[in-house]
Amino acid sequence: MTSTNQEMIGRDEVNDLEAILSITNTDVDATMHTVGANLDAIFTWDYERSRAPLVKLYEKAKTSQWNASTDLDWSVDVDQEQVVLANASQDGGFFSQEIDLSGTPFAKWTDKEWIQLGIESQNWTLSQFMHGEQGALLCTARIVETVPWIDAKYYASTQVMDEARHVEVFARYLDEKLSGHYPINAHLGLLLDDILADSRWDMTYLGMQIMVEGLALAAFGFMHQMTTEPLLKQLLRYVMSDEARHVAFGVLSLKEYYTELSDREMQDRVEFAFEAAVRMRDRFLQQEVWDRMGVPVKDAVQLVMADEGRKMFQNILFSKIVPNCKKLGLLERNGGWLRQRFTELGVIQFEDWIDTGEEYAMLDEVAKDRAAS
Ligand SMILES: [Fe+2]
Ligand SMILES: [Fe+2]
């Protein structure tokens, strides 16, 4: 039994623009958001250190902790307009050259509006990173309670500290160096709610460690490469070191667990992976930014969706998720169901890229800096 698109993502057509834009954050003034869940906190009396890959990961996590207050140079002055101009000179501006803007609201834009778009996009992106990091903080605190293995409880507890630090650095960067916050994007919010509402411990892992953090790892990597701003560059470099471990934690844990699950149980997992991929793709349309820029959201999003150059950039964000799903067997299980869906989303080409279970040690920039000093 497989679910319909309507059941998984609330619409029949994956690219139904009206349906995508009808999902908005209606809770923008609230300071709290509650997600109910009915789950078991699990003690284990088996203290045997039986999972060597997780033992190794835990040791690495203990030695690669860093302190956001003292390991980053917060005295750096950030001129956000200069940052936007420097980025635009590298990536050629928001839309790619092939997009014809005549007859659209953008045709009349001067440098002033394009710079403002760059500033708003940066405020929005870093805000979503911050909210996503809080989602990771809640999810890993959850995993400490719900995962039945002692080695995984130990490791997850280090990740709780990592995620607190990540929320801290993005919140501080937004406050001290940028020029405004955005509330959580509705698509990202839906996904985080779905992850936290699920009572099965491995679903927390799949949604957060594999999908959300896999995408974050790629997105941080892309921004780290692009930005010329030294504080953001260093901050992302350290956050990525942690994220690589987090994704590896997901891969190493689920690889063992999935071998025990039946096809019927696996169908829920592949469907959840698909739902997560669609939600994260929807969020990149950054509908809130267009709204704040005063352009018709639908027109702007239509242009974004038609822009093949931007699509290529967005697809790169799946370059960690797809090989990790492959490593977990998710692409092949259940008659290749997820392989088919990733093919339709245009991201299957990353399947043979390196998986994070293999590459995490190479990404430990904190350890490299310590060894050098
Ligand atoms: Fe994080
Ligand atoms: Fe993380």
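Residues numbered from 1 in each chain as written. Chains lettered and ligands numbered in written order. Predicted model: local features only at pLDDT ≥ 70, side-chain atom pairs only at ≥ 80, totals over all residues. Heavy atoms only, no water.

*Asks:* Let's hear about the overall build of the protein chain: which residues, and what values?
*Replies:* Assigned secondary structure in the protein chain consists of 17 helices and zero strands. Against the 2.2 N^0.38 benchmark of 21 Å for 373 residues, the protein chain shows a C-alpha radius of gyration of 21 Å, consistent with a compact globule. Dimensions of the protein chain along its principal axes, counting C-alpha atoms only, are 65 × 55 × 40 Å. Here the protein chain holds 373 residues, and the buried ones make up 54% of them. Residue pairs at least 24 apart in sequence account for 84% of intrachain contacts in the protein chain once pairs closer than 6 positions are excluded. Here the protein chain has roughly 16,600 Å² of accessible surface; of this, 52% comes from carbon and sulfur atoms. Of the charged side chains in the protein chain, 35 are positive and 61 negative, and the gap between their average positions amounts to 4 Å. (Helix = DSSP H or I, 4+ residues; strand = E, 2+ residues; numbered from the N terminus. Rg over C-alpha atoms; globule rule 2.2 N^0.38 Å. Buried < 20%, exposed > 50% of the residue type's maximum accessible area, 1.4 Å probe, protein only. Contact = heavy atoms within 4.5 Å. Areas by Shrake-Rupley, 256 points an atom, 1.4 Å probe, with all protein chains shown as cover. Lys, Arg positive; Asp, Glu negative; His and termini not counted. Charge placed at Lys NZ, Arg CZ, Asp CG, Glu CD.)

*Asks:* Account for the pattern of salt bridges, with residues named and values stated.
*Replies:* Once the charged atoms of two side chains with opposite charge are near each other, the side chains can pair. Scanning all chains against the criterion turns up 29 salt bridges. One salt bridge in this structure joins Lys311 and Glu308, with 3.3 Å as the shortest N-O distance. Within this pair, Lys311 and its partner Glu308 are both found in helix 13 (residues 308-316), separated by three residues, close to a single helical turn. The exposure class assigned to Lys311 is partly exposed, which follows from its relative accessible area of 32%. The exposure class assigned to Glu308 is partly exposed, which follows from its relative accessible area of 48%. Among the salt bridges present, the one from Lys326 reaches Glu351, with a minimum N-O distance of 2.7 Å. Placement of Lys326 in helix 14 (residues 321-327) and of Glu351 in the loop between helix 15 (333-345) and helix 16 (356-359) is noted, with a sequence separation of 25 residues between them. Salt bridges sharing partners connect three or more residues here, namely Lys326, Glu332, Arg339, Glu351 and Asp352. (Salt bridge = Lys/Arg side-chain N within 4 Å of Asp/Glu carboxyl O.)

*Asks:* Give me the coordination of the iron ion (ligand 1): which residues, what numbers.
*Replies:* Binding of the iron ion (ligand 1) to the protein goes through Glu133 (OE), Glu163 (OE), His166 (ND1) and Glu243 (OE), at separations of 2.0 to 2.2 Å. In this structure, the iron ion (ligand 1) is coordinated by four donor atoms arranged in irregular fashion, with angles at the metal of 84 to 149°. Along the chain, the residues that donate to the iron ion (ligand 1) are spaced as E-x29-E-x2-H-x76-E. Between the iron ion (ligand 1) and the iron ion (ligand 2), a separation of 2.9 Å is found, and both are coordinated by Glu163. (Donors = N, O, S within 2.8 Å, 3.2 Å for Na, K, Ca; no water. Tetrahedral: all angles 85-135°; square planar, octahedral: opposite > 155°, others 65-115°.)

*Asks:* Residues and numbers for empty space enclosed by the protein, please.
*Replies:* In total, this model carries one cavity of 30 Å³ or more according to the counting rule given. Here the largest cavity defines a volume of roughly 150 Å³. Lining the largest cavity are 16 residues, with Phe129, Gly132, Glu133, Val212 and Ala216 positioned closest to its centre. When residues in the lining of the largest cavity are grouped by element, the largest group, six residues, is from helix 8 (residues 201-226). (1 Å grid on protein atoms, 1.4 Å probe; cavity = no way out; pocket = protein on both sides within 12 Å on 5 of 7 lines; lining within 4 Å. Points joined across faces, edges and corners; volume = space filled by probe spheres on them.)

*Asks:* Break down the packing of helix 6 (residues 150-177) against helix 8 for me, with residues and values.
*Replies:* The geometry of helix 6 relative to helix 8 is characterised by a closest axis approach of 15 Å and an angle of 45° between their N-to-C directions. By the angle class used here, helix 6 and helix 8 are oblique. The element helix 6 and its partner helix 8 pack so that their crossing is left-handed. Side by side, helix 6 and helix 8 meet where Ala152, Gln159, Glu163 and Phe170 of the first sit next to Tyr205, Gln209, Glu213 and Phe220 of the second. A class-by-class count of the residues in the contact of helix 6 with helix 8 yields four nonpolar, two polar and two charged. (Axes fitted to C-alpha atoms, helices over the stretch in contact; angles between N-to-C directions. Parallel < 35°, antiparallel > 145°, perpendicular 65-115°, else oblique. Left-handed = near helix turned anticlockwise from the far one by under 90°. Nonpolar A, V, L, I, M, F, W, Y, C, P; charged D, E, K, R; others polar.)

*Asks:* Any chance you could break down the coordination of the iron ion (ligand 2) for me, citing the residues and the numbers?
*Replies:* Surrounding the iron ion (ligand 2) are the protein donor atoms Glu163 (OE), Glu213 (OE), Glu243 (OE) and His246 (ND1), which sit 1.7 to 2.1 Å from the metal. Its four donor atoms give the iron ion (ligand 2) angles of 88 to 166° at the centre, a pattern that matches the irregular case. The sequence pattern formed by the donor residues of the iron ion (ligand 2) is E-x49-E-x29-E-x2-H. Taking relative accessible area as the criterion, Glu163 reaches 0% and is therefore assigned buried. The class of Glu213 is buried, set by a relative accessible area of 2%.

*Asks:* Could you give an account of the side chain of Ser121, naming the residues involved and the relevant values?
*Replies:* One can find Ser121 in helix 5 (residues 111-146). On the basis of relative accessibility, which here comes to 11%, the residue Ser121 falls in the buried class. The contacts of Ser121, once residues within four sequence positions are left out, are Phe94, Gln286 and Val289.

*Asks:* Residues and numbers for the layout of surface pockets, please.
*Replies:* Its volume calculated, the second largest pocket comes out at about 770 Å³. Counting only elements with at least two residues in the lining of the second largest pocket, the list comes to helix 5 and helix 7 (186-197). If one sorts the elements of the lining of the second largest pocket by residue count, helix 7 sits on top with six residues.

*Asks:* Tell me about the nonpolar core, and please be specific about residues and values.
*Replies:* Counting residues in each nonpolar core, the largest one holds 94 residues, and the members touching the most others are Phe170, Met211, Leu235, Leu338 and Phe342. Excluding anything up to four places from it in sequence, Leu235 contacts Leu72, Trp74, Val169, Phe170 and Tyr173. Among the nonpolar cores identified, the runner-up in size contains 21 residues, and Leu21, Val295, Leu303 and Val304 belong to it. (Core = buried A, V, L, I, M, F, W, Y, C linked by side-chain atoms within 4.5 Å.)

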